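Each chain, written out:
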Amino acid sequence: MVLILSDENDYSTQQVLNWLMHMNKPFQRLNRTSSVTLVSLCIHDSQPQFTLKTSEHYLPGQYRLIHSSGISAYWYRRGYLNLEQQELIPAPGDEDIDYRLKKGINEYLSRENAKVGELLNYHLRSIPHLGSVFDNAVNKFINSLLAGQLGLLTPKSLITGSKSAFLSFNQYAGSCIVKSMDRAGFTIENEIGLGNTTVLISPDMIPMMPERFNLTLFQEFIDKLYDIRAFFLNDRFYTACILSQSNEQTRVDFRNYDDVKPNRIVPFQLPEDIEHNLSKLMEILKMKTGSIDLLKDKKGSYYFLEVNPIGQYGFISERCNFHLDKQIANEF
């Protein structure tokens, strides 16, 4: 049985499940919203044996049991194991000391549960798998440093909270973009989503900048020929060229999708030395899969931007006939 951990509304996950059903491969899917209760976990002969009881909020009263002995492969797509936690509920009449005591106990119990979750995720990485929750803690700066050490070009970058430092860098770089240091945007209680995008800093924005601000990532603006998205799957590359430069809406960031006049996306072959260095990077990061963003500038140079272990790949799969959902299903 293939165990799959994902988000409830992830389209790519459902497409892979369709292939698994077509191939008659049994699977169990857990979502970030799934309620997961650890029934038992026994460590014997250095092998954890566990039983999970899971349920979904849209299927009240129904649950499933998942035994570790029945898991033959694991696919981490997105999300996390939502382990059930017992909590002490503060009462309206609690004294201040009682309230703080209950809060402290709940924080302690949360840390206890987190250690169990780490063990489960560690074990799942020891069986045949694609992806891991540990891959999800990517740091784009560390990855960029590693890429540079392997010979890949990366954009010049500055992290600062000082306007004067930015001005010096901007003069040196010619023009700059500002982008997120972690994942773009955030959600509020899974109900409201706020996103951000890469922005080219225009001269009229600079006077409005305060002298001090939160640490922010600035990068040199590279006048690209086109964007490149490479999906990496067990040492194979499925690469697409995204012709985003001629559209003003997508010129700085192709993720500012133009639904009226979408970018043309075509299959692309990266140079052999670029693929070799990217493979080495994924090996160092111990990632079996991920979406890699690059760009090619008008002088013919390739720049590594970032690797996202849970990045979207469906749009290049559909436009380039890569059939990545089937390729992933074939891995199990």
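Scroll up to find the structure.
This is a predicted model, so every value here is computed, not measured.

Colleague: It is not clear to me how the overall build of the protein should be interpreted in this structure. Could you clarify?
Modeller: Regarding its fold elements, the protein presents 7 helices and 18 strands. For the protein, the C-alpha atoms occupy an extent of roughly 60 × 60 × 40 Å along the three principal directions. When contacts within the protein are restricted to residue pairs at least 6 apart in sequence, long-range pairs at least 24 apart make up 65% of them. Here the protein has roughly 18,600 Å² of accessible surface; of this, 52% comes from carbon and sulfur atoms. Side-chain charges of the protein comprise 34 positive and 38 negative groups, with the mean position of each set lying 5 Å from the other.

Colleague: Is there a simple way to think about the environment of asparagine 9 in this case?
Modeller: Its place among the elements puts asparagine 9 in the loop between β1 (2-6) and α1 (11-22). Look at asparagine 9 and you get exposed, because its relative accessible area is 74%. Separated by 207 residues in the primary sequence, asparagine 9 and threonine 216 place their C-alpha atoms 31 Å from one another.

Colleague: Could you clarify how one ought to interpret the sheet that holds strand β15 (residues 236-243) in this entry?
Modeller: By way of backbone hydrogen bonds, the strands of a sheet pair with one another, either parallel or antiparallel. Reading across from one edge, β16-β15-β14-β17-β18 is the order of the 5 strands in this open sheet, with antiparallel pairing throughout. Where the open sheet ends on each side, the last strands, each with one partner, are β16 (264-267) and β18 (302-308). Strand-to-strand twist in this sheet, taken as the mean axis angle between neighbours without regard to direction, amounts to 25°. Relative to β16, β15 runs antiparallel, the two being bridged by 4 bridges. For cysteine 241, the partnering residue across the bridge sits in β16 and is valine 266.

Colleague: Is there a simple way to think about empty space enclosed by the protein in this case?
Modeller: Gaps between atoms show up when a probe of the same size as a water molecule is rolled over them. Summed over all chains, the structure comprises 2 cavities of 30 Å³ or more. One number sums up the size of the largest cavity: a volume of about 260 Å³. In this structure, the largest cavity is lined by 20 residues; those nearest its centre are Ile177, Lys179, Val252, Leu295 and Leu305. For the lining of the largest cavity, the elements supplying multiple residues, two or more each, are β9 (176-179), β13 (212-220), β14 (224-233), β17 (289-297) and β18. It is β17 that provides the largest number of residues to the lining of the largest cavity, a total of 3 residues. Tallied by class, residues from the lining of the largest cavity come to 9 nonpolar, 2 polar and 9 charged. In terms of lining, the second largest cavity is formed by 13 residues, of which the most central are Trp75, Tyr76, Arg77, Thr289 and Pro309. If you list the elements that add at least two residues to the lining of the second largest cavity, you get β6 (73-76), β14 and β17. Grouping the amino acids of the lining of the second largest cavity by side-chain chemistry returns 9 nonpolar, 3 polar and 1 charged.

Criteria and cut-off values
- Throughout, a residue's number is its position along its own chain's written sequence, starting from 1.
- For a predicted model such as this one, the threshold for reporting local features is a pLDDT of at least 70, and the threshold for listing and counting side-chain atom pairs is 80 or more; totals across whole chains, interfaces and linings nevertheless cover every residue.
- To obtain the side-chain values, all non-hydrogen atoms of the structure were used and water was disregarded.
- Strands are runs of DSSP state E lasting at least 2 residues, helices are runs of H or I lasting at least 4, and numbering of each runs from the N terminus.
- Here, two residues are considered to be in contact whenever any of their heavy atoms come within 4.5 Å of each other.
- Computed with the Shrake-Rupley method and a 1.4 Å probe, the accessible areas treat only the protein chains shown as cover for residues.
- When charges are counted, Lys and Arg are positive and Asp and Glu negative, with His and the chain ends excluded.
- Throughout, a charge is located at the NZ atom of Lys, the CZ atom of Arg, the CG atom of Asp or the CD atom of Glu.
- Relative accessibility under 20% of the residue-type maximum defines a buried residue, over 50% an exposed one, and the middle range a partly exposed one, all with a 1.4 Å probe and only protein chains included.
- At least two DSSP bridges between two strands are needed for those strands to be called paired.
- Under this scheme, a helix contributes an axis fitted over its contacting stretch, all axes are lines through C-alpha atoms, and angles between N-to-C directions fall in the 0 to 180 degree range.
- Points on a 1 Å grid, built from protein atoms alone, make a cavity when a 1.4 Å probe fits but cannot get out and make a pocket when they are open with protein on both sides within 12 Å along at least 5 of 7 lines; residues with an atom within 4 Å of a point are the lining residues.
- Grid points are joined across faces, edges and corners, and a volume is the space filled by probe spheres set on the points.
- Basically, the charged four are Asp, Glu, Lys and Arg, the nonpolar ten are Ala, Val, Leu, Ile, Met, Phe, Trp, Tyr, Cys and Pro, and anything else, Gly included, counts as polar.

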